[in-house]
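# Coordinates in review
Residue strings, one per chain:
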Amino acid sequence: MNWELRLQLAAHPLAYPLVRGLGRIAPVVRVPRVGVLVSDAGIAKRVLNDPAHFTKTGPGSPADLWTPVVGPTVLLNMEGSAHAELRRKLSGLFTPRSVADLCARVTDEPVKRLRDDLAAGPVDLVPVVRRLVGAVICELVGLAPGEAVAAHAAGTAITSMIRLGRPSLTPAQVRHGRQALGTLTRPAARAYAEGDPATVPGRMRELGLTEEEALGAVAAFVLTGTETLVSYLPRLIALLHDTGWLNRVARDRVRTDDVIAEALRVTVPSPVMLRSVAADTEVGGVRVRAGDRVVIATVSAARALGDFDPDRPHPPDVRQLWFGAGPHFCLGMPLAHAEIRAVLTAVLDATPLSVVDRKAARKVLLPCYERLVVRRG
Ligand code: HEM
């Protein structure tokens, strides 16, 4: 069994085979207690680009899950003009210049340490990536980089409560989630109040965000920007290693973007997107009513193209689907790419390199390695 399948089964032993199996039977199918399952890339993009009929704020939507924990203004639980306005204000944080500055401040040091460690002996890439993405989140919320592991743990504490068959959180989970998030939003609130533009919350104030919007953005970054990369980056390295592409792309660096995109298609770090039907309509020929839950199985839609092959181009329907589509398209994509490139470049520079030990993480929301140890040679 290949390692990608092992990771999926370790995370979701029942749901993964069920979702993939249903996707092979029909592009759209109604599943009791889960919702209307969409497994086709073209239909998925049409749903994501039709916010008049499919929203993130109705019953069974992400808002049902997140709003009690993170409050009402977190982008991923907003729609319409308020959502567009908040995105516009935040876009200044993700310009190529802002992302390059942020990475220079935050990722240079952990990447240098990774290079030194790779030169010295075996390295488990999972804690390396956790520290790096945790450090980025620390910078975004105004925490010291030394708090990176705690920041990452707070994000995991929240995402680990989510399950596909559970449309909302219990009161105890909401309390637990708020407590975890507080460790990140408290320093952000302080940084916002001080208004120092060297900190991200201070910059948000400069960009015209209210305190509520700034803290909501911080929560959105924690929820979307940590686990996805902890899932993806070790899987990218493992896939390249297992398919013989690691040494090949190390010699031929112009293929770097191709292997990053193809590994995103195969791993789909954010495997499912949820929407609520706002007005009666149809999805791929299946009638849906207001209040129905639509579950977009991005993992099925993207994986249908086949196994890892960076030489095969992505058709337009599939292109970038792992970052979403339409008004909620991933705001952090430029930052995600910068973090991915920083780690991948250090690993490529250390080739030839072998995976010497690995273990799949069990019962996690996003499939990932618990351990991926690589060594030069
Ligand atoms: C490989 C890494 C990542 C993947 C695969 C990913 C994927 C996604 C997807 C699929 C969505 C849309 C969800 C939907 O429409 O339901 C999304 C939204 C979002 N992502 Fe990412 N993401 C990644 C990294 C990041 C990073 C590093 C950040 C920033 C720190 C970030 C910030 C956001 C935000 C703020 C949204 C919400 C946008 C909105 O609702 O308007 N993401 N991401």
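In this text, all values refer to a predicted model and were calculated from it rather than measured experimentally. Each chain has its residues counted from 1, running along the sequence as written. Thresholds applied to this predicted model are a pLDDT of at least 70 for local features of residues and 80 or more for the giving and counting of side-chain atom pairs; totals over whole chains, interfaces and linings are not thresholded and use all residues. In computing side-chain properties, one takes all heavy atoms of the structure into account and sets aside hydrogens as well as water.

### Section: the coordination of the iron atom of the ligand
- Shown as donors are all N, O and S atoms within 2.8 Å of a metal ion, widened to 3.2 Å for Na, K and Ca; because water is not in the atom set, sites may appear incomplete. Protein coordination of the iron atom of the ligand is limited to a single donor, C330 (SG), which sits 2.3 Å from the metal.
- Among the secondary structure elements, C330 is positioned in the loop between α16 (298-303) and α17 (333-349). By definition, any uninterrupted DSSP run of H or I lasting at least four residues is a helix, any uninterrupted run of E lasting at least two residues is a strand, and each is numbered from the N terminus.

### Notes on the sheet that holds strand β3 (residues 54-55)
- One requirement defines pairing of two strands: DSSP has to find at least two bridges between them. Spatially, five strands are ordered β1-β2-β8-β5-β3 in an open sheet, and the strand pairing comes out mixed. At either end of the open sheet lies a strand with only one pairing partner, and these are β1 (28-31) and β3.
- Whether two residues are in contact is decided by their heavy atoms, any of which lying within 4.5 Å being enough. Lines fitted to the C-alpha atoms define the axes, with helices restricted to the stretch that makes contact. Angles between their N-to-C directions range from 0 to 180 degrees. Against the sheet, helix α3 (residues 41-48) contacts β1, β2 (35-38), β3, β5 (273-277) and β8 (293-296), and its axis sits at roughly 130° relative to β8.

### Comments concerning unusual backbone geometry
- With an omega dihedral of 0°, the bond running from T351 to P352 counts as a cis peptide bond.
- Within the fold, P352 resides in the loop between α17 and β9 (353-360).
- A positive phi angle, close to 70°, is found at R33, a residue other than glycine.
- Structurally, the position occupied by R33 is in the loop between β1 and β2.
- In this structure R33 comes out as exposed when scored by relative accessible area, which is 74%.
- Phi angles above zero are rare outside glycine, and Q320 is one such case at about 65°.
- Tracing the backbone through its elements, the reader meets Q320 in the loop between α16 and α17.
- Take Q320: its relative accessible area is 30%, and that puts it in the partly exposed class. Note on exposure labels: buried denotes an accessible area under 20% of the residue type's maximum, exposed denotes more than 50%, and partly exposed covers the range between, all computed with a 1.4 Å probe on protein chains only.

### Here's the deal with the packing of aromatic side chains
- Between rings of Phe, Tyr and Trp, where Trp is taken as its six-membered ring, a pair exists when centres lie within 6.5 Å; planes separated by under 30 degrees are stacked, by over 60 edge-to-face, and by other angles tilted. Considering all chains together, one arrives at three aromatic pairs under this definition.
- Measuring from centroid to centroid gives 5.4 Å for F94 and F221, while their planes differ by 85°, and the two rings are edge-to-face. Placement of F94 in the loop between α5 (80-90) and α6 (96-106) and of F221 in helix α12 (residues 211-225) is noted, with a sequence separation of 127 residues between them. In this pair, the class of F94 matches that of F221, namely buried.
- Measuring from ring centre to ring centre gives 6.3 Å for F323 and F329, while their planes differ by 55°; the resulting arrangement is tilted.
- Its end group placed over the ring of W3, R6 keeps NZ or CZ at 4.2 Å from the ring centre.
- Consider the ring centre and the ring normal. A charge sits over the ring if Lys NZ or Arg CZ is within 6 Å of that centre and within 35 degrees of that normal. The side chain of R205 reaches across the aromatic face of Y192, ending 5.4 Å from its centre.

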